[in-house]
Amino acid sequence: MNETGVGSILRILQKNSEMRLPERLLYRVLATIALLGIMIPCTVVVGFISYVMTGALIETDAPAEGILFEMQLLSAFSMIFGILVIFSVLFFSSDREHFVTLPIPAHRLMMGRFLYSYIAESIMEFMILAAVFVGYFMAVIKNYSLVKALNPVSLIASVIGVVLIPLIPMIYCAIFSLILMAAMSKVKSTKLFYHMSSLFLLIFAGLFAYSLRGIGEINMENYVESLGSGSNSFLRTLNVIFFPVPWLGKAVSDGSILFLLLYLISNAVLLVILYQLGRLLYQKGLYTAAALGSSRKKEVKAGDIKEESHLKACLRKEMTVILRTKAFSGNCAFINIIWPVGAWMLFHFAGKKGGLADFIVMYRLGKERADMILIMVMVAIGVIATALNSLASTAFTREGQHLELIKFIPVSFRTQMWAKALVSFIFTYPMLLVTDIIVCCYIGTGVLSCVYFAFLLLFTHVISIFVGMGLDSAAPYRDWDDEYSALRGNLNVFFNMAIMIVIAIASALLGLLMYEVLELPIGVYYIAVFVIFLGVCIRSCIIGPRAITENMKKLF
């Protein structure tokens, strides 16, 4: 067998680049909860949206536009979030020095790394795409016929689409990385490359905002109508950028073998282009990466060294690692901005008409069911926000292969633990408070309710911190190749999210039991939720630090 082939390199990377599930019953239970509580619900929601959108577009005699829009939107997201991953895996993986010394052609190493990144990054997208196609075919069966939906070419094209739709944006990302790394070899900074994802995000967001012009009132009905009429500039632009995807859409909707072959050929041509560019540019890019890694560091002067408390020093170190590492700053710190910004956009653009406007009116009329729903929403935000940013669930994983330093620096385990917890608090809770204020101002809850929700968010946030840190201290992911692998391949992030979702569901079920079944006053639910989360929070603050420090002692 050729051990220098792309397939062999891919198998090596897959074996060594993901966190293994610990051999404990607890982690197997958590994996099941994560599957049932995160992945399956996400796919069901996406499938339902695809079903509804296809049904609406069938009425405009353009059923394929909905699935085409969803495929193109997923392609855009793959490009936005894939560029930094591809760039980091191709040029700055920690095992780079080991591979370049082996008798492996550079372009084969590049293709192995590319295919590994493509598979690792697209697993969840494969499930979402499958749900998109299922929703589409269900709508076709309902509104057309079973025969049209079960066209063999359409079914084969949909299966191929599930696997290949993320491929083209990832190829684009790899090509961008190769060209930029080779062309900018004299630039001794990677900031240019790390700003590419932000640039793509701004471009696609601008295109989406531009597509809203001329549709009248901004709502889902008008936007779907613009898709059906073919006047949506966002979709037209994406059809040019990801040009093979419309051919796949034709193959699925019309059962066209010709368009399916065109789609497959275009993917193959783009792969060949990437392969040939790798032959020309990848070796040069690796030399550039090595030069960047060996560039002279900033000299530390005696005046730069300050004497400060152990907690403050550890906190400063945690903040520095997060803010100076693009993967951690973007995915762990700045991601918290989505809560206040998302809340403002939701109420500003959708708060005057539709279901949200009806809810606001219902709340202001004093309907108790609206109170119960609002409590559920706030609890959900509080427990999910901390798990989503993964600051707590990567607290020890972020140390990587330097985890042993925790043992040898002259600082107690408890102090280091509190520094890691404070970092999560500093980056997360202020954004939750701003979100609370925005929601309460738009709904008109009053000051006391706003303060109540602020405490509720505090309790749930603290609980989530200790759950995440407890998981990561018990089984940290040490041997990651790059910072994105530390986030993407860390099962503790997934498990923390699963536990928090279970807590949110339990809170909602408690409300339904007390109000809908037992018919108790809503004030009882207010008190019960506050007391329960306060008690769990206090308990977490007592038991959590003790358990985490014990786990830290067992790490070495």
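These remarks concern the structure in this document. Bear in mind the structure is a predicted one, so any value in this text is a computation, not a measurement.

### Some thoughts on the overall build of the protein chain
Secondary structure summary: the protein chain contains 25 helices and 0 strands in total. For the protein chain, the residues scored as buried account for 50% of the 556 residues in total. Summarising the internal contacts of the protein chain: among those between residues at least 6 apart in sequence, 83% fall at separations of at least 24. For the protein chain, the exposed area adds up to about 26,500 Å²; of that, 70% sits on carbon and sulfur atoms.

### With respect to the packing of aromatic side chains
With the rule as written, the count across this model stands at 12 aromatic pairs. Plain terms: the ring middles of F347 and Y442 are 5.3 Å apart, the flat faces sit at 10° to each other, and that makes the pair stacked. Taken together, the residues span a long stretch of sequence, with F347 in helix α17 (residues 338–350) and Y442 in helix α21 (residues 413–443) at a distance of 95 residues. F347 sits in the buried class, given a relative accessible area of 8%. Ring geometry for Y452 versus F453: centroids 5.6 Å apart, planes at 70°, classification edge-to-face. Overall, Y452 belongs to the buried group, its relative accessible area being 13%. Among the aromatic side chains, those forming a connected cluster through ring pairs are Y452, F453, F455, F459, Y526 and F530. Its guanidinium or amino end placed over the ring of F396, K420 lies 5.3 Å from that ring's centre, counting from NZ or CZ.

### Some thoughts on the packing of helix α15 (residues 310–324) against helix α16 (residues 326–333)
One way to put it is that α15 packs onto α16 with a least axis distance of 5 Å and a crossing angle of 95°. As judged from the angle between their axes, α15 and α16 are roughly perpendicular. Across the interface between the two elements, V321, I322, L323 and R324 from α15 touch K326, F328, S329 and A333 from α16. For the contact of α15 with α16, the residue count by class is 5 nonpolar, 1 polar and 2 charged.

### Here we look at the nonpolar core
One finds F242, L274 and Y282 to be the most contacted residues of the largest nonpolar core, which totals 82 residues. When residues of this core are assigned to their parent elements, the largest contribution, 16 residues, is made by helix α3 (residues 64–91). Residue contacts for L274: discarding those within four places in its chain leaves M110, M111, F114, I171, A174, I175 and L178. One finds L403, Y526, V529 and L555 within the second-largest nonpolar core, a separate group that totals 52 residues.

### A look at the pattern of salt bridges
Tallied over the full model, the rule gives 7 salt bridges. A salt bridge links K317 to E318, with the nearest nitrogen and oxygen atoms 3.4 Å apart. The exposure class of K317 is partly exposed, given its relative accessible area of 37%. For the salt bridge of R398 with E318, the shortest nitrogen-to-oxygen distance reads 3.3 Å.

Analysis parameters
- Residues numbered from 1 in each chain as written.
- Predicted model: local features only at pLDDT ≥ 70, side-chain atom pairs only at ≥ 80, totals over all residues.
- Heavy atoms only, no water.
- Helix = DSSP H or I, 4+ residues; strand = E, 2+ residues; numbered from the N terminus.
- Buried < 20%, exposed > 50% of the residue type's maximum accessible area, 1.4 Å probe, protein only.
- Contact = heavy atoms within 4.5 Å.
- Areas by Shrake-Rupley, 256 points an atom, 1.4 Å probe, with all protein chains shown as cover.
- Phe/Tyr/Trp six-rings, centres within 6.5 Å; stacked < 30°, edge-to-face > 60°.
- Lys NZ or Arg CZ within 6 Å of the ring centre and 35° of its normal.
- Axes fitted to C-alpha atoms, helices over the stretch in contact; angles between N-to-C directions.
- Parallel < 35°, antiparallel > 145°, perpendicular 65-115°, else oblique.
- Nonpolar A, V, L, I, M, F, W, Y, C, P; charged D, E, K, R; others polar.
- Core = buried A, V, L, I, M, F, W, Y, C linked by side-chain atoms within 4.5 Å.
- Salt bridge = Lys/Arg side-chain N within 4 Å of Asp/Glu carboxyl O.

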